[in-house]
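# Coordinates in review
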Amino acid sequence: MTIDVRPATVFADMATILGPKKPTSNVCWCLSYRIPSKENQALVRQQRGEYVKELCDSGIPLGVLAYESTDDGEDVVGWAAVSPRADTTFATSRTIPHVDDLPVWSVWCIRVRPGHRKRGIAHALLDGAVEFARSNGAPAIEGYPVDNHGEKVDLTMAYVGTRGLFDRAGFTKAADTGSVLNGFPRVLMRKSLG
């Protein structure tokens, strides 16, 4: 299995990972932390995908996608949202602290397609997000995973990652947060890219 992680520039591939099976369903499209709450709540059903398509068409990658080589070419198998923190709602969060004034990048969603899990794709996505941030001049990158102490996390809430995933990628705990997800506290994990 060969996994290639690269900037997310193809909307159809993003739709494969983030979009609903039924177009009229109301799904996140990974906008919840990317845009202000009021705007996020106003976008419903197909509008959410249309908004992501507009962002994608602007030429600025919204994150990274993982592709797996197959006999027929490649399949998109995963997604990680990564952007400058200043461009996300983490910039003004009351529950996720700022540990300093560095213009850090945030990685906040790691999603592996069903049927492809437990094969190291989340690790490749996090590594790819780190490299994407580094190549765009980020001095550091941070994530806000759950500190689950090895306990099982509900798959619908596992999108933030686990502390263990971030530990293995060379991140260190920089702070506690006031955020809890699926009953687990979230921690601020940071990796210097300098």
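First, a word on what this report is: a plain description of the structure on this page. (Residues numbered from 1 in each chain as written. Predicted model: local features only at pLDDT ≥ 70, side-chain atom pairs only at ≥ 80, totals over all residues. Heavy atoms only, no water.)

Let us now look at the pairing of strand β2 (residues 63-70). Taking burial as the measure, the 8 residues of β2 include 6 buried ones, the bulk of the element. One ladder, built from 5 bridges, connects strand β1 (residues 3-7) with β2; its direction is antiparallel. Its bridge partner lying in β2, isoleucine 3 is registered against glutamate 68. In this structure, β2 lies alongside strand β3 (residues 73-84), joined through 8 bridges in antiparallel fashion. Across the sheet, threonine 70 pairs through a bridge with glycine 73, a residue of β3. Between the end of β2 and the start of β3, which pair antiparallel, lie 2 residues. (Buried < 20%, exposed > 50% of the residue type's maximum accessible area, 1.4 Å probe, protein only. Helix = DSSP H or I, 4+ residues; strand = E, 2+ residues; numbered from the N terminus. Pairing = 2+ DSSP bridges.)

Once that is clear, we can look at the pattern of salt bridges. This model, assessed by the stated rule, comprises 11 salt bridges. Here glutamate 74 and arginine 6 are joined by a salt bridge, their closest N and O atoms 2.5 Å apart. Here glutamate 74 is found in strand β3, whereas its partner arginine 6 is found in strand β1, with 68 residues between them in sequence. Arginine 119 serves as the salt-bridge partner of glutamate 68, at 2.1 Å between the closest nitrogen and oxygen. Taken together, the residues glutamate 68 in strand β2 and arginine 119 in the loop between β4 (105-112) and α4 (121-135) connect sequence positions 51 residues apart. For arginine 119, a relative accessible area of 33% corresponds to the partly exposed category. Residues joined by salt bridges that share partners form a network here, namely Arg85, Asp100, Glu142 and Arg190. (Salt bridge = Lys/Arg side-chain N within 4 Å of Asp/Glu carboxyl O.)

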